[in-house]
Amino acid sequence: MAPSNPRRIDQGRVVTFSFEGQTVRACEGESVAAALTAAGIRDFRNSIVSGQPRGIYCMMGACFDCLVEIDGVPNRQACMTEVQEGMFVRRQAGAVEVKA
Amino acid sequence: MNTEIVDLLIVGAGPAGMAAAVEAAKAGLSVAVLDEQPRPGGQIYRNVETAGATRDKVLGPEYVAGRSLADSFRQSGVRYMPGALVWNIGTDMMVDYSLGGHSSQIQAANVLAATGALERPVPMPGWTLPGVTTVGALQILLKSAGLVQPDAVLVGSGPLLWLVAQQMVAAGMPPKAIVENTPRGRVLEALKYVPRALRARSYLLKGLAMIRRVRRAGVPIYRHATALRVEGKDRAEALRFRAGGKLHRIESGNIALHQGVIPNQQITRLLRAEHFWDEAQKCFRPKLDDDGQSTAKGLYVAGDGGGITGAASAALEGRLVALGIAGRMGHPVAADRIARLRVVLARDAAVRPLLETLYAPAPEILSPADDVTICRCEEITAGTIRETVRLGAPGPNQVKSLLRTGMGPCQGRVCGLAVSCLIAETRKQSPQVTDYYRIRPPLKPLPLTELAAFEPAPDTPEVIEK
C-alpha cells in the first residue's frame, strides 16, 4: 500500500529544485526535508552500517538522519537547510568517502 | 584581529532566549543571540513571524501569542545572529561559532544556554524505518511548511501528542488513530497531584479541552497499549500493538512517536557542569543555583534545558536570569519586578508533578527488547549494549569506546538517555551513578576546511571579571 502524501494547508511562492535528477516543486521558506516529504520522498539516504533506508525523524536538527548531498556538499541536514531555486540534491549511500 | 566582547551571549532564540535578550538589553547589557535557525522562535514558536492566517488558526492562540515576544525581540537592539552554530565554549566563556561557512569567536562575560529540549528517545522495533518520526516532527512540518500527513498514527503519551492531534483535527486531517501507551494505574498515581495542579488550572482545562476535541472528531483512541512495533520492509507500513486484551494492526505509512521531552544537555555537558538525575522527570538536569547559574562559572541555563517546565516558564526564567546578571554587573534592576516574576514562575510550575507522574515514560520504552536499535547513527542494539555492560563496561563512555554508541553525528542527542538508562538497569544502579556521555567539541560536525581556516584568539591570560 503506497502511503498517501502530506497535504499543504497553505501555499507560498514556488521554488523548484532537483532531487536525484527529478524536479521537485517546493514552497519558499521551507526546509529541503519538508519539501522532499511533501513530494512523497521518504528515503533520503542509506545508513552507514547496514545500508538501511533512512529519512526524516526529528525535523529539528538533532537526529542527523535526514543527511543528503546538496550542491555537491555531503552530510547536509535537510531539515536545517532552506530550499533555494536550482538546488541540486542527492541521496547519500552509506558513509561519505573523502575525495582525494 | 580583535575578538568581539559581550556582557551576555545567549545560545537559542526560543522563548527563554528571546525573553532574556529583551530584559538584558533593557537593563543595559550588551547582548548577542546566536541561533541555528533562520528565524526566531525556537521549536515551540517556530516560524511564528511568517506563519500566515491559516497556520495561525490551525496551530492555535498559544502559538500565535509567541509573535509578540518575537516582535519585542526584534526591536530590542540586541545583536541577533540567525544561522549561527555555536560549536564550542571555553571555560572562560569564549564562544566559537560557525556562520555562513566561516568560524569566528565572541568573548562573553556570561553565556546563557537556552537551547531547550529534545524528544525523549522512543526505541521500539522498526523505529528507524522511513515514515517513523517524532510527534514533534509532525508539528514542525505543520509550523514550518504547512504540511499535514493524512494517515498519521500518533503513538505514546504526553501533552504534545494531544496538542498535535488537536492541531491536525483543526487542519481537517485528524490522525488515523491515537495509541496511548500510558500504563494502567497512572491516573490513580497522579491523583494526589491534582490539588497542586489546580493552582495552574488553566493548563488542566486546556488539556481536557484538547482531548475532548480530538475525541469529538472521532479519532480512534487505544489506551494502555503494549508490545508496540512498527512493521515494514523499506518504509513504515503498519503499527502492531496489544491493547484491551487484543492484538491490533493499524496500517499507516506515517507513525509518530512521543514519550515527552527532555533537557538538551549538549552545552552543559560540554562545560562539565554538574547534573543530577531527576527521578520524577526521568531525565538528567543541570544543577542550577537560584540565579540559574550552573556549576560551570559563567554558564547559565533558562528554559527547558534546565528541566522541562514549558514555554511560559521558559520566558520567565529567561527574564530572571537576565535581570540577575544585569544586577550583578552593576545595572539597576527592579527588585519587586523580580519578586513578581518568581511568584508567577512558581505558580506555573504547579502543574508539573501531575503531568510528570501521568506521562512518565512506559517501562517498555525505558527497557527495550534486545533486538531494538538504540544508537540510530551507529546501529547498535539494546542487546549488544547490555552484553557489553555484563562483560564489564562500567558506564556510557566505556560503552561508547567499545561499541561507538554516541560517536555518530547526533553525538547522543537521540540515544544518550536511552543508553544511560539501559546501562543503569543492567548494572542495577540509579542513572545518577551511571551518568552520561562526555560531550566534546565541535557540538556539530564542521568541515575540516572551515576549522583549518579558523583563527582563534591566542589564549587570554586574564578571565573577564563578572
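Bear in mind the structure is a predicted one, so any value in this text is a computation, not a measurement.

*Asks:* Please clarify how the overall build of chain B should be interpreted in this entry.
*Replies:* Looking only at helices and strands, chain B has 19 helices and 22 strands in total. Relative to a compact globule of 466 residues, whose C-alpha radius of gyration would be 23 Å, chain B shows 22 Å and is just as compact. Seen along its three principal axes, the alpha-carbon backbone of chain B occupies a region of about 65 × 50 × 40 Å. Restricting the contact set of chain B to residue pairs at least 6 apart, pairs at least 24 apart contribute 66%. On chain B, roughly 18,700 Å² of surface is accessible, and the fraction owed to carbon and sulfur atoms is 55%. Considering chain B, the positive charge centre built from 55 side chains and the negative charge centre built from 43 side chains are found 8 Å apart.

*Asks:* How do you make sense of the sheet that holds strand E9 (residues 92–93) of chain A when you look at a structure like this?
*Replies:* To summarise the sheet geometry, strands pair through backbone hydrogen bonds and adopt either a parallel or an antiparallel arrangement. An order of E5-E4-E9 (chain A) is seen for the three strands of this open sheet, with the pairing classed as mixed. Strands at the two margins of the open sheet, each flanked by one partner only, are strand E5 (53–54) and E9 of chain A.

*Asks:* Would you mind showing me how to read the packing of helix H1 (residues 15–27) of chain B against helix H11 (residues 310–328) of chain B here?
*Replies:* A pair of packed helices is characterised by two quantities: the angle between their axes and the separation of those axes. Residue and element names in this part refer to chain B. Following both chains from N to C, one finds H1 and H11 inclined at 30°, their axes separated by 7 Å at the closest point. Taken together, the axis directions place H1 and H11 in an arrangement best described as roughly parallel. Here H1 and H11 pass one another in a crossing that is right-handed. Every residue of H11 that contacts H1 at Pro 15, Ala 16, Ala 19, Ala 20, Val 22, Glu 23, Ala 24 and Ala 27 is listed here: Ala 311, Ala 314, Ala 315, Gly 318, Arg 319, Ala 322, Leu 323 and Ala 326. The residue inventory of the contact of H1 with H11, partitioned by class, reads 13 nonpolar, one polar and two charged.

*Asks:* Would you mind going over the side chain of Asn264(B) with me for this structure?
*Replies:* Residues and elements named next belong to chain B. Among the secondary structure elements, Asn 264 is positioned in the loop between strand E17 (261–263) and helix H10 (266–270). At 3.1 Å, the side chain of Asn 264 forms a polar contact with the backbone nitrogen of Gln 266. If near-sequence neighbours (up to four positions away) are discounted, Asn 264 is found in contact with Thr 115, Gly 116, Ala 117, Leu 118 and Gly 305.

*Asks:* What's the story with the pattern of salt bridges in this structure? I'm lost.
*Replies:* Where charged atoms from two side chains of opposite charge approach closely, those side chains can pair. Under the criterion given, the structure shown has 29 salt bridges over all chains. Between Arg90(A) and Glu69(A) there is a salt bridge; the shortest N-O distance is 3.1 Å. With a gap of 21 residues between them, Arg90(A) in strand E8 (residues 88–90) and Glu69(A) in strand E6 (residues 67–70) connect regions that are remote in the sequence. Residue Arg90(A) is classed as partly exposed on the basis of its relative accessible area of 38%. Glu251(B) is paired through a salt bridge with Arg249(B); the nearest N and O atoms lie 3.4 Å apart. With a relative accessible area of 36%, Glu251(B) lands in the partly exposed category. Residue classification places Arg249(B) among the partly exposed positions, given a relative accessible area of 38%. Connected through salt bridges with shared partners, the residues Arg45(A), Arg54(A), Asp65(A) and Arg376(B) form a single ionic network.

Parameters and conventions
Residues numbered from 1 in each chain as written. Chains lettered and ligands numbered in written order. Predicted model: local features only at pLDDT ≥ 70, side-chain atom pairs only at ≥ 80, totals over all residues. Heavy atoms only, no water. Helix = DSSP H or I, 4+ residues; strand = E, 2+ residues; numbered from the N terminus. Rg over C-alpha atoms; globule rule 2.2 N^0.38 Å. Contact = heavy atoms within 4.5 Å. Areas by Shrake-Rupley, 256 points an atom, 1.4 Å probe, with all protein chains shown as cover. Lys, Arg positive; Asp, Glu negative; His and termini not counted. Charge placed at Lys NZ, Arg CZ, Asp CG, Glu CD. Pairing = 2+ DSSP bridges. Axes fitted to C-alpha atoms, helices over the stretch in contact; angles between N-to-C directions. Parallel < 35°, antiparallel > 145°, perpendicular 65-115°, else oblique. Left-handed = near helix turned anticlockwise from the far one by under 90°. Nonpolar A, V, L, I, M, F, W, Y, C, P; charged D, E, K, R; others polar. Polar contact = N/O pair within 3.5 Å; in protein donor to acceptor, adjacent residues only side chain to side chain. Salt bridge = Lys/Arg side-chain N within 4 Å of Asp/Glu carboxyl O. Buried < 20%, exposed > 50% of the residue type's maximum accessible area, 1.4 Å probe, protein only.

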